Amino acid sequence: EYYIALKFQLQLKDSYSSLHYAELRLCLSGKSKKLNTIQMFRETMKKAEQILHESCAVPLMETALVAQFLTSMLRSRSIRHNDVVFLRSQDVNLEVDDQNVFAQSAELMSCQLFIIEREAGAGVVKAGDRIRLKSQ
């Protein structure tokens with residue numbers, strides 16, 4: 001079985017500008033066949049396209065492109081410009097409140113999320129790159 005996990009962040013339009021987090025897991029399972037790597041990849045992509053179209057309402061003409069994008073993102077463990085991250089120290093997350101930075105809670109909250117801003121702009125963060133962490 002293969003899983004694709006999509007994580008969403010939605011800012012609600014309420015008086016608090018609340019953030020809502022959701023995770024969608026797509027399970028790609030098949031019968032136990034002895035397939036080579038290329039055959040297994042094709043079967044996985046075919047199943048992913050089917051799930052994207054039937055369960056996620058992705059238009060049929062775009063399922064292959066979306067499946068390819070998801071697959072390349074899953075294989076890449078790279079951190080990119082504009083990725084959202086949290087920082088943990090001794091089992092608690094770093095938080096920002098106005099100008100103060102501190103660590104006090106292990107529960108993930110919006111004040112603990114940071115956006116990575118790569119000085120060079122869009123792309124993968126590489127060794128030697130200068131980045132900024134922007135609080136949300």
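Residues numbered from 1 in each chain as written. Predicted model: local features only at pLDDT ≥ 70, side-chain atom pairs only at ≥ 80, totals over all residues. Heavy atoms only, no water.

Q: Describe unusual backbone geometry, and please don't skip the residues or the numbers.
A: Although it is not a glycine, Asn82 sits at a positive phi angle of roughly 75°. In this fold, Asn82 is placed in the loop between helix H2 (63–75) and strand S3 (84–86). (Helix = DSSP H or I, 4+ residues; strand = E, 2+ residues; numbered from the N terminus.)

Q: Hey, could you go over the nonpolar core for me, with residue numbers and the actual values?
A: Met45, Ala48, Leu52, Val58, Ala67 and Leu70 together form the largest nonpolar core, which totals 6 residues. Those residues within four positions of Ala67 in sequence are excluded, and the remaining contacts are Met45, Ala48, Glu49 and Leu52. (Core = buried A, V, L, I, M, F, W, Y, C linked by side-chain atoms within 4.5 Å. Buried < 20%, exposed > 50% of the residue type's maximum accessible area, 1.4 Å probe, protein only. Contact = heavy atoms within 4.5 Å.)

Q: Summarise the confidence of the model for the chain; cite the residues concerned and give the values.
A: Summary statistics for the chain give a mean pLDDT of 76 and a share of 70% for residues scoring 70 or more. By mean pLDDT, the top-scoring element of the chain is strand S7 (residues 113–118) (88), and the lowest-scoring one is strand S1 (residues 2–11) (62). (pLDDT = per-residue confidence, 0-100.)

Q: Talk me through the sheet that holds strand S8 (residues 131–135); I want residue IDs and the actual numbers.
A: Two pairing modes exist for strands in a sheet, parallel and antiparallel, and in both the strands are linked by backbone hydrogen bonds. Strands sit in the order S3-S7-S8 across an open sheet of 3 strands; the sheet is antiparallel. Looking at which strands have only one partner, the edges of the open sheet turn out to be S3 and S8. Within this sheet the neighbouring strands show an average axis-to-axis angle of 45°, counted without direction. Sheet topology places S7 next to S8; 5 bridges connect them, and they run antiparallel. Considered in S8, the bridge of Arg118 is made with Ile131. (Pairing = 2+ DSSP bridges. Axes fitted to C-alpha atoms, helices over the stretch in contact; angles between N-to-C directions.)

Q: Report on the pattern of salt bridges, specifying residues and quantitative values.
A: What the rule picks out here adds up to 3 salt bridges. Shared partners join several salt bridges into a network, and the residues in it are Glu117, Arg132 and Lys134. (Salt bridge = Lys/Arg side-chain N within 4 Å of Asp/Glu carboxyl O.)

Q: How would you explain helix H1 (residues 37–56) if you had to name every residue and give the values?
A: Spanning 20 residues, H1 covers 27 Å between terminal C-alpha atoms, matching the ideal 28 Å at 1.5 Å per step. Of all the positions in H1, only Thr44, Met45, Ala48, Ile51 and Leu52 are classed as buried. Down the axis of H1, the smallest arc covering the buried residues is 130°, so these residues share one side. Exposed side chains of H1 directed beyond 90 degrees from the buried face belong to Arg42, Lys46 and Glu54. Looking at the residues trailing H1, positive phi occurs at Ala57, about 60°. (Expected span 1.5 Å × (residues − 1). Arc of directions from axis to C-beta.)

Q: Just give me the short version of a nonpolar patch on the surface, but keep the residues and values in it.
A: A grouping of Leu87, Ile131 and Leu133 is seen on the molecular surface, where their side chains present a nonpolar patch of about 230 Å² in accessible area. Turning to its location among the elements, Leu133 is positioned in strand S8. Here Leu133 falls in the partly exposed class, since its relative accessible area comes to 42%. (Patch = residues over 30% accessible without salt bridge, like charges linked within 9 Å, V, L, I, M, F, W, Y side chains within 5 Å. Areas by Shrake-Rupley, 256 points an atom, 1.4 Å probe, with all protein chains shown as cover.)

Q: Provide a residue-level description of the pairing of S7, including the pertinent values.
A: Of all 6 residues in S7, 6 are buried; the element is thus mostly enclosed. Both faces of S7 are covered, namely the face carrying Leu113, Ile115 and Glu117 and the face carrying Phe114, Ile116 and Arg118. Where S3 meets S7, 3 bridges bridge the pair, whose relative direction is antiparallel. Considered in S7, the bridge of Val85 is made with Phe114.

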